[in-house]
Amino acid sequence: MQKYTIPAVRMALVTLVVLGLLYPLAITAVAQVTMPAKANGSLVTSGGAIVGSELIGQRFAGPTYFHGRPSAAGADGYDGQASAASNLAPTSKALVGRVETAVGDAVRDNPGLTAGSVPVDMVTASGSGLDPDITPANAYAQVARVASARGMTPEAVRRIVEENLTGRQSGFLGESRVNVLRLNMALDAAK
Amino acid sequence: MTLDILRMVGFGGLVLVVGYPLGLYMARVFAGERTWLTPVLAPVERAVYRLAGVDPSAEMRWTSYASSLLLFNFACFTILYLLLRLQGVLPLNPTAATGMSPDMAFNTAVSFVTNTNWQAFAGETGVSHLTQMLGFTWQNFISAASGMTVAVAFIRGLTRKETREIGNFWADLTRSWLYVLLPMSIVIALVYVSQGTVQTLAGAVTAKTIEGVTQVMRVGPVASQEAIKLLGTNGGGFFNANSAHPFENPTPLTNLLQVLSMFAIPAGLTFTFGRMAGRMRQGVVIFAAMAILFFAGLGVIYGFEHAGNPNLTRVGADQVASAAQAGGNMEGKEVRFGIADSALYGATTTAASSGAVNGAMTSMTPLAGGMAMLNIALGEVVFGGVGSGLYGMLIFALLAVFIAGLMVGRTPEYLGKKIGPKEMKLAMFAILALAASVLVLTALAISSPAGLAGRLTQGPHGLSEVLYAFTSGVGNNGSAFAGLDAATVFYTTTIGIGMLLGRYLFIIPVLAIAGSMARKKQAPPSSGTFPTDSGMFVGLLVGVVLIIGALTFFPAYALGPVLEHFLMHAGTLF
């Protein structure tokens, strides 16, 4: 037994140091030196203050801003310390009820939007609860509300949305989308 | 939709393009031959052997090989268990995580040592940075390397002649992580950082949003762990949302790299097998059978997810794909991935024994979620885990030649070696142990109040949640229908036991078969030989995998995902 135990323990300790300590610390050092902005969270600043991360969705509640998707992260959503999906089943009353309420709110708040045409990502919670993006369809559905709240023409707001569309990566990977924080900052810059 | 399908086919091509050269490289590594990394890594390799006090050239019988593996894994478990219990008083704990309770630490330590990476805690709050690095990143490498050793030992058992020796465990282990996993992880981790995956020792960043709300975002040494998490088919998330979290998987490119990472080594090992068997066609046959099963499963998942949830259409959501949205069942999915990249990820993570998720598995439409569960239940032989996928599929190959032999009256033999009653009994034991563990533990859970209390959903989905948990645990996958509250003592304990049964009640018979097959003579093919390098054998192998999986699990699935599918279309809610 001892014939196997001693090398087992020694091998465990050697690999622990190499793979558990040296490897992650070396990657951290290289990342921090060569790509600090990315390694530290792709933070977005405005006037020197951190207003969020380009990658992490956040809550926008006012009518003058585009809103992100419903979020199940934390009690109020978009909690950066509690990423989570709703984990509700497709046959869950809680899910269908929540979507029905969200459809009603969306139709009430967004002129021109009717039940049946509400983009699905507008009323469903994301996998992380921190989805930074909405679909172009979701953004277009909010244009009328934002334009009216800001006293801008819908055409002007729509143009800003189009300027902030992110196409598929390299032209074919993933989906087209709009980063909500970037879009809202562009709106503020335009006024 | 056309683009979606093209991308999926393209992914299959990428797996082949990456897997083939990697497989040949691994064949050289495990034979101890010189590779282009040898000048740099050979001194490190020698230092590891010296520090551990092992002789890498000493050949082992299967019993020594298995004993070394088991005691090494037990040493790892003990260290990890202590780390989890004591993390509250250890350094590098910027988010003030506390020590885990005994049952949670048992569950978690077993989980990471067995390559399951099931997590009954939330990554953000449950563990310290020290645990993430020293505990999880370490075991992500080691549990994967352990799986690779068993695969290589099994290939040697099938291909060596008239010997009792199947290699040296310490050499196979060290070469696995040093020549394969570590160099690839270094490159992949840095690509992840370039896309936005965080890599820092800080614990959190605070922002004040333009609407004036304070948002605290957890960060940490994520990229270094993310690389080996996928490459080693581990799957444990740094964050609770796993690879749906933008700090783990920020872009469509990282998503592609993640799915490719999960399949690279398992696919590569089929070619390693072909090379070591001296006949590449033997490996290609295994690869082909895996690819057929994978694309069939992917088609099911993509099709049902793309079609969406009729209940959401009924209350006014538009799930139809258009130029401005991907549409489909978006509950639990990220916009940047849409339906196609989420379905690809879901199919890959369950076919491979990974368990990483880029969306909520439990919110998938019933038959898509059921297909993901079936991928695991088939034994994760569709490319499967690093190492475990290959040895699992080779067990099915032995079974297939045996069944074919019975049907057409030929002597069952594989690679020129006769398969005897002893090997068949061991193979059947391994397969039955998995299925029985899943079904018995599920039955126990749904017939006890403690088990029933954990369900988030009533009705057939509640059964699916429990069945998925044990399928995932025993299958060493680690993904979840996460509605289930698995943090109770009942589930941490039973799933912990399930993970141990699923890992070691398979590995030990596999190594025993390796020892037994190594002793046999290799006979040249005769007219009585059933060829195992033909298209016919691909079909036979696919058939055997499906029939065994279907016969074992269909009754339970009929009451879970299948029933839920029909109730969903009838508008019945729970």
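Shown above is the structure to which this text applies.
Throughout this description, residue numbers start from 1 for each chain and increase along the sequence as written. Here every chain gets a letter starting at A, and every ligand a number starting at 1, in the order they are written. Local features in a predicted model are, by the rule used here, given only for residues with pLDDT of at least 70; side-chain atom pairs are given and counted only at 80 or more, and totals for whole chains, interfaces and linings are based on all residues. By convention in this description, side-chain values take in all heavy atoms of the structure and omit both hydrogens and water.

The next point concerns the overall build of chain B. Helix numbers and strand numbers start at the N terminus; a helix is a DSSP run of H or I with at least 4 residues, a strand a run of E with at least 2. Regarding its fold elements, chain B presents 19 helices and five strands. Only C-alpha atoms enter the radius of gyration, while the globule expectation follows 2.2 Å times N to the 0.38, with N the number of residues. In terms of C-alpha radius of gyration, chain B reaches 23 Å, essentially the compact-globule figure of 25 Å for 574 residues. By its C-alpha atoms, chain B is 75 × 55 × 50 Å across when sized along the principal axes. Exposure classes here rest on a 1.4 Å probe applied to the protein chains alone. A residue is buried below 20% of its type maximum, exposed above 50%, and partly exposed in between. Looking at chain B residue by residue over its 574 residues, the buried ones come to 66%. In this analysis, two residues are considered to be in contact whenever any of their non-hydrogen atoms come within 4.5 Å of each other. Contacts spanning at least 24 positions in sequence make up 78% of the contacts within chain B whose residues lie at least 6 apart. Per-residue and other accessible areas were derived by the Shrake-Rupley procedure at a 1.4 Å probe size, with only the shown protein chains allowed to occlude residues. In the form shown here, chain B has an accessible surface area of approximately 17,300 Å², with 69% of it arising from carbon and sulfur atoms. Each charge sign in chain B was given a centre, from 31 positive and 25 negative side chains, and these centres are 12 Å apart. Residues scored as positive are Lys and Arg, those scored as negative are Asp and Glu, and His as well as the terminal groups of each chain are ignored. Where a charge sits is defined by one atom per residue type, namely NZ (Lys), CZ (Arg), CG (Asp) or CD (Glu).

Let's shift gears to the packing of helix H1 (residues 2-34) of chain A against helix H3 (residues 62-86) of chain B. Note on definitions: angles span 0 to 180 degrees between N-to-C directions of axes, and those axes are lines fitted to C-alpha atoms, for helices only across the stretch in contact. Contact pair H1(A) / H3(B): the axes reach a minimum separation of 8 Å and the direction vectors enclose 50 degrees. Taken together, the axes of H1(A) and H3(B) lie oblique to each other. Crossing angle aside, the handedness with which H1(A) passes H3(B) is right-handed. Contacts between H1(A) and H3(B) involve A:Tyr4, A:Thr5, A:Ala8, A:Val9, A:Met11, A:Ala12, A:Leu13, A:Thr15 and A:Leu16 on the former and, on the latter, B:Ser64, B:Ser67, B:Ser68, B:Leu71, B:Phe72, B:Ala75, B:Cys76 and B:Ile79. All amino acids are sorted into three groups, where Ala, Val, Leu, Ile, Met, Phe, Trp, Tyr, Cys and Pro are nonpolar, Asp, Glu, Lys and Arg are charged, and the leftover types, Gly among them, are polar. A breakdown of the residues in the contact of H1(A) with H3(B) according to their chemical character gives twelve nonpolar, five polar and no charged. Here the angle decides the label: under 35 degrees means roughly parallel, over 145 means roughly antiparallel, 65 to 115 means roughly perpendicular, and every other value means oblique. Crossings are assigned a handedness: left-handed for a near helix turned anticlockwise from the far helix by less than a right angle, right-handed for a clockwise turn.

The next thing to look at is a nonpolar patch on the surface. Within the patch definition used here, like charges are joined within 9 Å and nonpolar side chains (Val, Leu, Ile, Met, Phe, Trp, Tyr) within 5 Å, considering only residues with over 30% relative accessible area and no salt bridge. A pairing counts as a salt bridge when a side-chain nitrogen of Lys or Arg comes within 4 Å of a carboxyl oxygen of Asp or Glu. Nonpolar side chains collect at one region of the surface, where B:Met1, B:Ile5 and B:Val9 lie side by side and expose about 300 Å² of accessible area between them. Looking at where B:Met1 falls in the secondary structure, it is placed in the segment before helix H1 (2-30).

Moving on, we get to the interface of chain B and chain A. Contact residues are listed per partner, giving 111 residues for chain B and 101 residues for chain A. Buried area is understood as the total, over both parts, of accessible area removed when two parts are fitted together, assessed with a 1.4 Å probe. Taken together, both faces of the contact between chain B and chain A bury some 8,400 Å²; the carbon and sulfur share is 67%. Taken as a group, B:Ile210, B:Glu331 and B:Val335 account for 9% of the area that chain B buries against chain A, more than any other trio of residues on that side. The closest approach of N and O atoms between B:Glu331 and A:Arg98, which form a salt bridge, is 2.6 Å. Any pair of N or O atoms that falls within 3.5 Å is considered a polar contact. Within protein, one atom must be able to donate a hydrogen and the other to accept it, and sequence-neighbouring residues count only if both atoms are side-chain atoms. Our count for the chain B to chain A interface comes out at 48 residue pairs in polar contact (both at pLDDT 80 or more).

Pairing between side chains of opposite charge can happen when the charged atoms of each approach one another. The tally for this structure, following the rule as stated, stands at 21 salt bridges over all chains. For A:Arg69, the salt bridge is made with A:Asp131, and the minimal N-O distance between the two is 2.9 Å. Separated by 62 residues along the polypeptide, A:Arg69 in the loop between strand S2 (49-53) and helix H3 (93-109) and A:Asp131 in the loop between helix H4 (120-123) and strand S4 (133-134) bring together distant segments of the chain. Each of A:Arg168, A:Glu175, B:Asp4 and B:Arg7 takes part in a single network of salt bridges with overlapping partners.

Residue and element names in this part refer to chain A. Read from one edge to the other, the open sheet built from three strands follows the order S4-S6-S5, with strand pairing classed as antiparallel. Each edge of the open sheet is held by one strand with a lone partner, namely S4 and strand S5 (165-166). Inspection of the sheet shows S5 paired to strand S6 (residues 177-179) by two bridges, in the antiparallel sense. Bridged to Thr-166 within S6 is Arg-177. When DSSP locates at least two bridges between a pair of strands, those strands are taken to pair.

For the rest of this paragraph, the subject is the side chain of B:Thr35. Counting through the fold element by element, B:Thr35 comes out in the loop between H1 and helix H2 (38-52). The contact partners of B:Thr35, leaving out residues within four places of it in the chain, are B:Tyr25, B:Arg28, B:Val29 and B:Tyr179.

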